[in-house]
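Residue-level structure breakdown
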Amino acid sequence: MVSIVGFGALFELYSSNFLMKEFWAVLIVLFGLAFSISEFLGYLERKVAFYASAR
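Report on the accompanying structure. (Residues numbered from 1 in each chain as written. Predicted model: local features only at pLDDT ≥ 70, side-chain atom pairs only at ≥ 80, totals over all residues. Heavy atoms only, no water.)

Considering the overall build of the chain
Worth spelling out the cut-off: Secondary structure follows DSSP: runs of H or I at least 4 residues long count as helices, runs of E at least 2 residues long count as strands, and numbering of each begins at the N terminus. Accessible area is worked out with a 1.4 Å probe on protein chains only. A residue is then buried under 20% of its type maximum, exposed over 50%, and partly exposed in between. Only the protein chains shown count as cover for residues, and all accessible areas are computed by the Shrake-Rupley method using a 1.4 Å probe.
Tallying secondary structure elements over the chain gives 2 helices and 0 strands in all. Across the 55 residues of the chain, 11% fall into the buried class. Accessible surface for the chain amounts to roughly 4,900 Å². Of this, 73% is attributable to carbon and sulfur atoms.

See the structure below:
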């Protein structure tokens, strides 16, 4: 489902039509989102681990 709509559709459209500037822009945005989500989850995990070990 994700590859049909949203960023997946843009990724497929730009890569199949050799629109390299747009392709790399979508790729950089996706990497940025993935990195941000990963860092946020790591932050939450550290906070939960702190309170879980405080017993």
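Next comes the rest of the write-up.
A few points about unusual backbone geometry
The phi dihedral of Phe 18 falls on the positive side, at around 55°, and the residue is not glycine. The class of Phe 18 is exposed, set by a relative accessible area of 67%.

Comments concerning the packing of aromatic side chains
Each aromatic ring pair is summarised here by two numbers: the centre-to-centre distance and the angle between the ring planes. Just so we agree on the cut-off: Pairs were defined over the aromatic rings of Phe, Tyr and Trp, the Trp ring being its six-membered one, requiring ring centres within 6.5 Å. Orientation was assigned from the angle between planes: stacked under 30 degrees, edge-to-face over 60, tilted for the rest.
Considering all chains together, one arrives at 3 aromatic pairs under this definition. Geometrically, the ring pair formed by Phe 11 and Phe 23 is tilted, given 5.0 Å between the ring centres and 40° between the ring planes. One end of the pair, Phe 11, is in helix 1 (residues 7-16); the other, Phe 23, is in helix 2 (residues 20-52), with 12 residues separating them in the sequence. Overall, Phe 11 belongs to the partly exposed group, its relative accessible area being 31%. With 5.5 Å between their ring centres and 80° between their planes, Phe 23 and Trp 24 make a pair best called edge-to-face. In textbook terms, an aromatic cluster arises when at least three aromatic residues are bridged by ring pairs, as seen for Phe 11, Phe 23 and Trp 24.

Considerations on helix 2
What counts is decided by this rule: Each helix should span, by expectation, one fewer than its residue count multiplied by 1.5 Å. A contact between two residues is defined here by any heavy atoms of the two lying within 4.5 Å.
Helix length check: helix 2, at 33 residues, gives a terminal C-alpha distance of 47 Å against a target of 48 Å (1.5 Å per residue), a fit within 8%. Every buried residue of helix 2 is listed here: Phe 23, Val 26, Leu 27 and Gly 42. In this fold, the buried residues of helix 2 make contact with helix 1.

In short, geometric facts, not functional conclusions.
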